[in-house]
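Here is how the chains run, residue by residue.
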Amino acid sequence: MAASMAGAVARIKRDPLGVLDRARVERACRELGHDWRDRELDPATTVALFAQQVVHGNCPCSEVRHLAGATFSASAYCQARARLPLGVIQSLLHDTVEAALPRAGEAPHLWLGRHRTFHVDGSTFSMPDTPALRGAFGSAAGQKPGCGFPVGHLLFLFSAATGLLLDAFAAPMNTGDLAQAAELHLHLSAGDVLVGDDSFGSYAHLALLLAAGLHGLFPVHHARTVDFTPGRPHCPEGKKAVAGVPRSRWVRSLGGADDQLVEWFKPKQGPRWMSRRDYDALPASILVRELRRTTRRPGHAPVTLTVVTTLTDPHLYPPGELMALRLRRWDVETDIGHLKTTMGMDVLRCKTEQGVRKELAVFCLVYDLVRVVMLEAAERQAVPVARVSFADALKWMRHARPGDALPPLVVNPVRPNRVEPRCRKRRPKEYDLMSKPRDALRKALKKQLKTA
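It should be emphasised that the depicted structure is a prediction, and the values quoted were computed from it without experimental measurement.

Participant: Outline the nonpolar core, listing residues and values.
Facilitator: Of all hydrophobic cores here, the largest spans 103 residues; its most connected members are Phe125, Leu194, Met343 and Val356. Counting residues per element, this core draws most heavily on helix H13 (residues 353-381), at 17 residues. With near-sequence residues (within four places) excluded, Phe125 lies in contact with Phe137, Pro150, Val151, Gly152, His153, Leu154, Ala170, Met345, Asp346, Leu348, Val356 and Leu360. Counting residues in hydrophobic clusters, the runner-up holds 12 residues, among them Leu311, Tyr317, Leu322 and Met323.

Participant: Before we move on, could you go through H13 and cite the residues and values that matter?
Facilitator: Relative to the 42 Å expected for 29 residues at 1.5 Å per residue, H13 spans 42 Å between its end C-alpha atoms, a close match to the ideal helical length. Of all 29 residues making up H13, 23 are buried, and the element is well covered by its neighbours.

Participant: Tell me what's going on with the pairing of strand S1 (residues 117-126), and back it up with residues and numbers.
Facilitator: Of all 10 residues making up S1, 8 are buried, and the element is well covered by its neighbours. Sheet topology places S1 next to strand S4 (residues 193-195); 3 bridges connect them, and they run parallel. Along S4, the bridge assignment pairs Phe118 with Leu194. Relative to strand S2 (residues 151-159), S1 runs antiparallel, the two sharing 9 bridges. Within the sheet, the bridge partner assigned to Val120 lies in S2 and is Leu157.

Participant: Which residues make up the pattern of salt bridges, and what values go with them?
Facilitator: Summed over the entire model, instances satisfying the criterion amount to 14 salt bridges. Here Arg371 and Asp335 are joined by a salt bridge, their closest N and O atoms 2.8 Å apart. Here Arg371, found in helix H13, pairs with Asp335, found in helix H12 (residues 331-342); they are 36 residues apart in sequence, far enough to count as distant. Measuring nitrogen to oxygen at the nearest pair gives 3.2 Å for the salt bridge that ties Glu353 to Arg357. Of this pair, Glu353 and Arg357 are both found in helix H13, 4 residues apart, which corresponds to roughly one turn of the helix. Owing to a relative accessible area of 34%, Glu353 belongs among the partly exposed residues under this scheme. Ionic contacts of the salt-bridge type, sharing partners, join the residues Arg22, Glu26 and Asp42 into one network.

Participant: Got a sec to walk through the sheet that holds strand S9 (residues 303-309)? Specific residues and values, please.
Facilitator: In spatial order, the strands read S3-S2-S1-S4-S5-S9-S8-S7-S6; together these 9 strands make up an open sheet with mixed pairing. Only two strands of the sheet have a single partner each, and these edge strands are strand S3 (165-172) and strand S6 (249-253). Taking each pair of neighbouring strands and ignoring which way they run, the sheet shows an average axis angle of 25 degrees. Pairing geometry for strand S5 (residues 215-219) and S9, over 3 bridges, is antiparallel. Paired with Phe218 across the two strands is Val308, which belongs to S9. Helix-sheet contacts for helix H11 (residues 319-327) involve S1, S4, S5, strand S7 (259-265), strand S8 (285-295) and S9, and the interaxial angle to S8 is about 80 degrees.

Reading guide: rules and limits
Residues numbered from 1 in each chain as written. Predicted model: local features only at pLDDT ≥ 70, side-chain atom pairs only at ≥ 80, totals over all residues. Heavy atoms only, no water. Core = buried A, V, L, I, M, F, W, Y, C linked by side-chain atoms within 4.5 Å. Buried < 20%, exposed > 50% of the residue type's maximum accessible area, 1.4 Å probe, protein only. Helix = DSSP H or I, 4+ residues; strand = E, 2+ residues; numbered from the N terminus. Contact = heavy atoms within 4.5 Å. Expected span 1.5 Å × (residues − 1). Pairing = 2+ DSSP bridges. Salt bridge = Lys/Arg side-chain N within 4 Å of Asp/Glu carboxyl O. Axes fitted to C-alpha atoms, helices over the stretch in contact; angles between N-to-C directions.

Written out as structure tokens, the structure reads:
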């Protein structure tokens, strides 16, 4: 079975993706000092079975032996997964990313021909209700004891051009998105552009990006006042805020309306996710660019966006290009939807913290293997990788046999005015289901009262 799975992956792209090869798995085990016996469920076989389990919709452990055509019990397979070090799966994931990520640096995938771009976003996942998991990850705020399930926090980092998942940081439910900011930056190189939501547009995070030679593009936080009036006054840090007066100092306009260079000052109080020592090491102020534009789409109401970025040159980075890059942030919602909805990662099965982290790592590994399939198909079919169907690539990995050639995959049509995100949640919020019927009932009652 291990050789079968390794062969199925190796034929996708012969050079980098021999990651499930037996020799590669055993080498990772030796590097971590993990010893094993020569048995049916050795580390290489266990990794291949784990990946196959996730490819087949994270099926129950009792079903895995049927996928393998073997006779081992579900208990034996679970014990083999428990013996497998988490570091082995993380090493395989790292090798997959290192092998496939160079494509993000190729000319067709560079933004404006010079920058790699990345998406960052937070999400959650649930798991079985065990004391160990509830103690490790916690639960949703306000949840009564004995009700609901433990919930964990996830921070994702995706390559915007290729959709590859660089890393996923699992933490307790009450962890902020920026708690792993320092670890997240380690995956990036000088000149890379990070795109996220307004929680990443804080002074501390932008200062960290600048110190590392990185760039950021984020919506301005809703609590920050932005005024594009030339020469306007500002309220210095440490003094009581004045309604309508921004705390940033106006420096100069950048040649267009609602486009300016401003100086942000370091707040006296640092964020909870950063130590006082690290916060004190940040500069007293930074120069950033604030930009506001209104986007209009046929059939939709105008949307006004105000963003902050470290890309301050208006000639190298025109407003239209910055706004187009910002609007592509919705791609991360689709990527997360593929992981949580299409692949079924929103509800995990393991009952221990180590088991949950292994399960997450295998999901990330399989996701990236599917992405490599999509990159190969996009190159062969001469279409953008974003248009290749993730679900179709996953189905091919699920049903292909060793020796099968990669067939043409389904290409989604271009829908320029389609509402994003494109993935529908498996468990939509209650108001999404009930608000429209209630509104219709309310209108009908009012109509009856008028005619009575």
